[in-house]
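# An overview of the molecular structure
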Amino acid sequence: MSEPSKPRVLILCGGRGTRLQSGGRSLPKPLVEIGGYPVVWHVVQIYAAHGFDRFELLTGHRAAEIESFVQTADWPAGIAIECVDTGEDTPTGGRVRRAVEAGSGGPVCVTYADGVADIDLNSLLRFHREQGAAATMTVVRPELPFGVAMMDGDRISGFTEKPKSEHWINGGFMVLEEDAQQAIGPDDVLERAPMERLAEGGRLAGYRHDGFWFCMDTYKDQIALNDLWEDGSPPWRNWT
């Protein structure tokens, strides 16, 4: 039996990125570069390498600049990518709601324009379908930004440099069935009420990704990702 077709991918690109100050020319957050390519280009590449070929960038703040980039960028062969202007100050849930209302139905993948990972997206889809959930969220354990002191009573026995958190957080890379999409209101923050309602009803699955994951939220994060790229083997690059 053949595999079901891949869902279309909605990438949230409407935020202002106020905590990301590059020190150079001002750019919309999705266009801040890693290795000479905007971070949203990397996100598309991750999905495209797993066979996804339909993309919608849900824009808002400085939408025209993102649209201009999309029209001139060198994208992988065989993919279709477009921008959907979802409003200047629309919250994340509202952006998704506008996109699915204008779409052709069926499940969708949703992620952020600033998060990269070495995630197996085909494994994520299989997990989602096996769970039979209304939605699946990839959960990750982020690396803590500081070292941790190991305590033995009142004495420090050693240190662990930047360990992973014991807790799982939202890592993006979500899959939403139609009933989950309909649970999102036009003024909702996706990560708040819609996901909380699904979780309370036992309809939200969590796909554990314990590999590399990084969210570019600050200028320091941008430097760290560029350093990984310049090393020659960035963990998220699953394409040639």
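From a predicted model like this one, the values you see are computed outputs, not experimental measurements.

## With respect to the packing of aromatic side chains
Counted under the stated rule, the structure contains 12 aromatic pairs. Here the aromatic rings of Tyr-37 and Trp-41 are separated by 4.1 Å at their centres, their planes lie at 15°, and the arrangement is stacked. Three or more aromatic residues joined by ring pairs make a cluster, and in this case those are Tyr-37, Trp-41, Phe-212, Phe-214, Trp-229, Trp-236 and Trp-239. The ring of Trp-168 carries Arg-208 above its face, with NZ or CZ at 5.9 Å from the centroid. The aromatic ring of Trp-229 is capped on one face by Arg-237, whose charged end is 4.9 Å from the ring centroid.

## Quick look at the nonpolar core
Judged by nonpolar contacts, the single largest core of 44 residues is most densely connected at Ile-11, Tyr-47, Phe-55, Leu-57, Trp-75 and Trp-236. For this core, the secondary structure elements donating two or more residues are strand S1 (8-13), helix H1 (39-48), strand S4 (54-59), helix H2 (63-72), strand S5 (80-85), strand S7 (115-117), helix H4 (121-131) and helix H7 (219-230). It is H1 that provides the largest number of residues to this core, a total of eight residues. Not counting residues within four places of it along the chain, the set of residues in contact with Leu-57 comprises Ile-11, Cys-13, Val-40, Ile-66, Val-70, Ile-81, Glu-82, Cys-83 and Val-84. Counting residues in hydrophobic clusters, the runner-up holds 21 residues, among them Val-84, Val-108, Tyr-112 and Met-195.

## Some details on the state of the cysteines
Under the defined criterion, the tally for this structure stands at zero disulfides. In this structure Cys-83 is a free cysteine whose sulfur lies 7.2 Å from that of Cys-13, the closest cysteine sulfur available. For Cys-83, a relative accessible area of 15% translates into the label buried. Looking at Cys-109, it has no disulfide partner, and the nearest cysteine sulfur is the one in Cys-13, 15 Å off.

## Some points on a nonpolar patch on the surface
Taken together, the side chains of Met-151, Ile-156 and Phe-159 make up a nonpolar region of the molecular surface, amounting to roughly 370 Å² of accessible area. Note on placement: Phe-159 falls in strand S10 (residues 155-160). Since its relative accessible area comes to 66%, Phe-159 is described here as exposed.

## Points about the layout of surface pockets
Space inside the second largest pocket adds up to approximately 570 Å³. Taken together, 20 residues form the lining of the second largest pocket, with Glu-143, Leu-144, Pro-145, Phe-214 and Asp-221 sitting closest to its centre. In the lining of the second largest pocket, the residues fall into nine nonpolar, two polar and nine charged.

## A word on the pairing of strand S13 (residues 204-209)
Burial along S13 is one-sided: Ala-205, Tyr-207 and His-209 are buried, and none of Leu-204, Gly-206 and Arg-208, which face the opposite way, are. Summarising the sheet, strand S8 (residues 135-140) and S13 pair through six bridges and their orientation is parallel. Bridge pairing links Met-137 to Gly-206 in S13.

## Thoughts on the pairing of S10
Bridge analysis of strand S9 (residues 148-152) against S10 gives five bridges, and the strand direction is antiparallel. Counterpart to Met-151 in the pairing with S10 is Ile-156. If you look at the hairpin formed by S9 and S10, you'll find two residues sitting between the two strands, and Gly-153 has a positive phi there, around 65°.

How each quantity is defined
- Residues numbered from 1 in each chain as written.
- Predicted model: local features only at pLDDT ≥ 70, side-chain atom pairs only at ≥ 80, totals over all residues.
- Heavy atoms only, no water.
- Phe/Tyr/Trp six-rings, centres within 6.5 Å; stacked < 30°, edge-to-face > 60°.
- Lys NZ or Arg CZ within 6 Å of the ring centre and 35° of its normal.
- Core = buried A, V, L, I, M, F, W, Y, C linked by side-chain atoms within 4.5 Å.
- Buried < 20%, exposed > 50% of the residue type's maximum accessible area, 1.4 Å probe, protein only.
- Helix = DSSP H or I, 4+ residues; strand = E, 2+ residues; numbered from the N terminus.
- Contact = heavy atoms within 4.5 Å.
- Disulfide = S-S within 2.5 Å.
- Patch = residues over 30% accessible without salt bridge, like charges linked within 9 Å, V, L, I, M, F, W, Y side chains within 5 Å.
- Areas by Shrake-Rupley, 256 points an atom, 1.4 Å probe, with all protein chains shown as cover.
- Salt bridge = Lys/Arg side-chain N within 4 Å of Asp/Glu carboxyl O.
- 1 Å grid on protein atoms, 1.4 Å probe; cavity = no way out; pocket = protein on both sides within 12 Å on 5 of 7 lines; lining within 4 Å.
- Points joined across faces, edges and corners; volume = space filled by probe spheres on them.
- Nonpolar A, V, L, I, M, F, W, Y, C, P; charged D, E, K, R; others polar.
- Pairing = 2+ DSSP bridges.

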